[in-house]
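# Structural characterization, general
The residues making up each chain are set out below.
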Amino acid sequence: MAVLKLGTHMSIAGGVSKAIDRAASIQSNAVQVFTKNNRQWSGPPIDEEDVERWREQLPAQGVMYAVSHASYLINLASPDPTIWEKSIRAHKDELQRAHIYGIPHVVLHPGAHTGSGEEAGIARIATALNTIHAQTPDCTDTLTLLELMAGQGTCLGKSFGQLRRIIEQVEDPSRVAVCVDTCHAFAAGYELRTAEGYAAMMAEIAAEIGLDKVKCWHFNDSKGKLDSRLDRHWHIGEGEIGLQGFRFILNDLRWDGVPMLLETPKEDDLFDDIANLARLCALVEDKTRVPPGLLVGQSKSSEE
Ligand SMILES: [Zn+2]
Ligand SMILES: [Zn+2]
């Protein structure tokens, strides 16, 4: 049994490596970053000094896991050739940037078919990934994690079956895996709040893609209701999922070693991150699994 890898999405203001300092400042041992501005198609050239600092500071500050999130602009399912090709270039760049930093996973929203249909969209995503893989033979140690989506509009990836259909068409499936976002899962109709609902979701993950294909969790509560298709992240325990859903996942040893990252609202002071992480740690039954720094923070706050 391992210590939980718990952290949050951190700002890269001042350099990608600055996210490590932010993660360590709240005693977390995992971090998610953008490796460039996530609302732009292309980023600045790689800053070699920042890469060096990243590679040195990650172990030095006790951060055990880092994942990057690809740009929100990328749509590998697009039927529009211009957007599709731009998206291929952009995701290839995301993989290469992550690879240079030694980041093992890049979370990607699979894409939206924008009217061309599910089948066409899925084929488009797989073809794009195959093209990117062929162009990045040196990046096999950085995987694309297809994120489970809430199912808003024509967005693909709202079920583990849909994710499986994408992966099936990827020529080298070892280069893709999955990230499960709790808010998206709930909004897409997965009932995380009950033992039966959680067991059913687990059975579906096992049957469709296999539990070992899930490389990372996004831990977000949901402002939208079950099956609402609304992607609205909210503070842990304060949304429609509530604490119980997180309790199931945190104490299920089948997820031992799989990192959990929050993408909940916050200010620069990171107080909300601290509170949300403390709430999660309080749900962990075996306290030896709580990252040491977070355990200290927790006992402190309960004493006060
Ligand atoms: Zn995402
Ligand atoms: Zn989301």
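With that settled, the discussion passes to the confidence of the model for the protein chain. Residues of the protein chain with pLDDT of at least 70 account for 97%, and the chain-wide mean is 96. Confidence over residues 300–304 falls short of pLDDT 50; this stretch has one contact with residues more than four positions distant or in other chains.

What follows concerns the pairing of strand E6 (residues 176–181). Among the six residues in E6, six count as buried, and that is most of the element. In E6, alternate side chains face the same way, and those of Val176, Val178 and Val180 on one face and Ala177, Cys179 and Asp181 on the other are all buried. As judged from the four bridges shared by strand E5 (residues 143–147) and E6, these two strands associate in the parallel manner. Bridge pairing in E6 links Leu145 to Ala177. Strand direction decides the pairing type here: E6 and strand E7 (residues 214–219), joined by four bridges, are parallel. Bridge pairing in E7 links Val180 to Trp217.

Let us look at the pairing of strand E2 (residues 30–33). With burial as the criterion, each face of E2 is covered, one bearing Ala30 and Gln32 and the other bearing Val31 and Val33. Both strand E1 (residues 6–9) and E2 contribute to a ladder of three bridges, which runs parallel. Its bridge partner lying in E2, His9 is registered against Gln32. For the crossover that starts at E1, traverses helix H1 (residues 18–25) and ends in the parallel E2, the hand is right-handed.

The N-to-C vectors of helix H5 (residues 160–168) and helix H7 (residues 195–208) enclose an angle of 15 degrees; their axes lie 9 Å apart at closest approach. Taken together, the axes of H5 and H7 lie roughly parallel to each other. The way H5 lies across H7 gives a crossing that is right-handed. Only Glu204, Ile205 and Glu208 of H7 make contact with H5, whose side of the interface consists of Phe160, Gly161 and Arg164. Here the contact of H5 with H7 is built from residues that sort into two nonpolar, one polar and three charged.

Here we come to the environment of Ala19. Looking at where Ala19 falls in the secondary structure, it is placed in helix H1. On the neighbour-count criterion, Ala19 (28 C-beta atoms within 10 Å) is buried. In this structure, the C-alpha to C-alpha distance between Ala19 and Thr8, residues 11 residues apart in sequence, is 9.9 Å. When near neighbours in sequence (up to four residues on either side) are disregarded, Ala19 contacts Met10, Ser11, Ile12, Val31 and Val33.

Turning our attention to H1. What H1 keeps buried is the set Ala19, Ile20, Arg22, Ala23 and Ala24. Next to the buried residues of H1 lie E1, E2 and helix H2 (48–60). Positive backbone phi, at 65 degrees, marks Gln27, one or two positions downstream of H1.

Over its 13 residues, helix H9 (residues 271–283) runs 19 Å from end to end, which matches the ideal 18 Å to within 8%, given 1.5 Å per residue. Among the residues making up H9, those that are buried are Asp273, Asn276, Leu277, Ala278, Leu280 and Cys281.

Another point: the packing of helix H3 (residues 81–101) against helix H4 (residues 118–135). Where H3 meets H4, the closest approach of the two axes is 10 Å, and the angle between their N-to-C directions is 50 degrees. It follows from the interaxial angle that H3 and H4 lie oblique. The element H3 and its partner H4 pack so that their crossing is right-handed. Of the residues in H4, those in contact with Trp84, Ser87, Ile88, His91, Lys92 and Leu95 of H3 are Arg124, Ala128, Thr131, Ile132 and Gln135. Its residues assigned to classes, the contact of H3 with H4 shows five nonpolar, four polar and two charged.

So, on to the nonpolar core. The nonpolar side chains of a soluble globular protein tend to be buried, and buried together. One finds Val31, Ile125, Leu145 and Val178 to be the most contacted residues of the largest nonpolar core, which totals 87 residues. In terms of residue count, H4 provides more of this core than any other element does, six residues in total.

In the Ramachandran plot, Thr114 falls in the positive-phi region, its phi being about 45 degrees despite a non-glycine side chain. For Thr114, the position within the fold is in the loop between strand E4 (105–108) and H4. Judged by the 16 C-beta atoms lying within 10 Å of it, Thr114 falls in the partly exposed class. The phi torsion at Arg229 lies on the positive side, around 65 degrees, for a residue other than glycine. Relative to the helices and strands, Arg229 resides in the loop between strand E8 (221–222) and strand E9 (233–234).

Conventions and cut-offs
- Each chain has its residues counted from 1, running along the sequence as written.
- Chain A is the first chain written and ligand 1 is the first ligand written, with later ones labelled in order.
- Where local features are concerned, this predicted model is filtered to residues with pLDDT of at least 70; where side-chain atom pairs are given and counted, the filter is 80 or more; whole-chain, interface and lining totals use all residues.
- One number per residue, pLDDT, summarises how confident the predictor is, and it ranges from 0 to 100.
- Think of it this way: build a C-beta for each residue from its backbone, and any pair within 7 Å is a contact.
- With C-beta atoms placed from the backbone, a residue is labelled by how many other C-beta atoms lie within 10 Å of its own: buried for 20 or more, exposed for 12 or fewer, partly exposed between the two.
- Think of it this way: any DSSP run of H or I at least four residues long counts as a helix, any run of E at least two long counts as a strand, and we number them from the N terminus.
- When DSSP finds two or more bridges between two strands, those strands count as paired.
- Seen with its strands pointing away from the viewer, a crossover is right-handed if its path from the first strand over the helix to the second goes clockwise.
- Throughout, an axis means a line fitted to C-alpha atoms (over the contacting stretch in the case of helices), and angles, computed between N-to-C directions, take values from 0 to 180 degrees.
- Angle categories: roughly parallel below 35 degrees, roughly antiparallel above 145, roughly perpendicular from 65 to 115, and oblique for all the rest.
- Left-handed describes a crossing whose near helix is turned anticlockwise from the far helix through less than a right angle; right-handed describes the clockwise counterpart.
- For this classification, Asp, Glu, Lys and Arg are treated as charged, while Ala, Val, Leu, Ile, Met, Phe, Trp, Tyr, Cys and Pro are nonpolar and the rest, including Gly, are polar.
- Each residue after the first adds 1.5 Å to the expected span of a helix.
- We call a set of buried Ala, Val, Leu, Ile, Met, Phe, Trp, Tyr and Cys residues a nonpolar core when their C-beta atoms link them within 7 Å.

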